[in-house]
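What follows is the residue order along each chain.
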Amino acid sequence: MFFKKKTGGVRELDEKLQRIQMNFENNYKDAAQLNLKEFDARLNELWEKGKLSETQRAYYSEKRSDYQTRMKNFTHKDQKPTWL
């Protein structure tokens, strides 16, 4: 079976997704939100430069949408204090 070599842009997006996931799992809300914004900006940049195929764009756009949904209201200001 032949595997397509990952380009630098795709590798970079995968690393950003891993960073988002780690911060999300560790409840680092601000860092996870910042990583998601960076991921979104880089995804758009790579697409505009023609560095991603339509399949890759669809895959990463789906990942972005999933994280955006999961991180809705995922901020410290929306966190309810447990002592009340």
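Summary of the structure given here. (Residues numbered from 1 in each chain as written. Predicted model: local features only at pLDDT ≥ 70, side-chain atom pairs only at ≥ 80, totals over all residues. Heavy atoms only, no water.)

This next bit is on the overall build of the protein chain. Regarding its fold elements, the protein chain presents 3 helices and 0 strands. When the helices and strands of the protein chain are placed in sequence order, the string is α-α-α. When each of the 84 residues of the protein chain is scored for burial, the buried share is 30%. Counting only contacts in the protein chain whose residues sit at least 6 apart along the sequence, the fraction spanning at least 24 positions is 63%. Carbon together with sulfur atoms contributes 51% to the accessible area of the protein chain, which is approximately 6500 Å² in total. (Helix = DSSP H or I, 4+ residues; strand = E, 2+ residues; numbered from the N terminus. Buried < 20%, exposed > 50% of the residue type's maximum accessible area, 1.4 Å probe, protein only. Contact = heavy atoms within 4.5 Å. Areas by Shrake-Rupley, 256 points an atom, 1.4 Å probe, with all protein chains shown as cover.)

Below, the discussion takes up helix α2 (residues 29–48). Owing to its 3.6 residues per turn, the α-helix aligns residues three or four sequence positions apart on the same side. If you check α2, its first and last C-alpha atoms are 29 Å apart, about what 20 residues at 1.5 Å a residue would give, namely 28 Å. Within the sequence span of α2, burial applies to Lys-29, Ala-32, Asn-35, Leu-36, Phe-39, Arg-42, Leu-43 and Leu-46. Looking straight down α2, one finds that the buried residues subtend no more than 150° of arc, so they occupy a single side. Exposed residues pointing more than 90 degrees away from the buried face of α2 are listed as Asp-30, Lys-37 and Glu-48. Tucked into the core, α2 has its buried residues touching α1 (8–25) and α3 (54–70). Phi turns positive, to about 75°, at Gly-50, one or two residues after α2. (Expected span 1.5 Å × (residues − 1). Arc of directions from axis to C-beta.)

Purely geometric numbers; function is a separate question.
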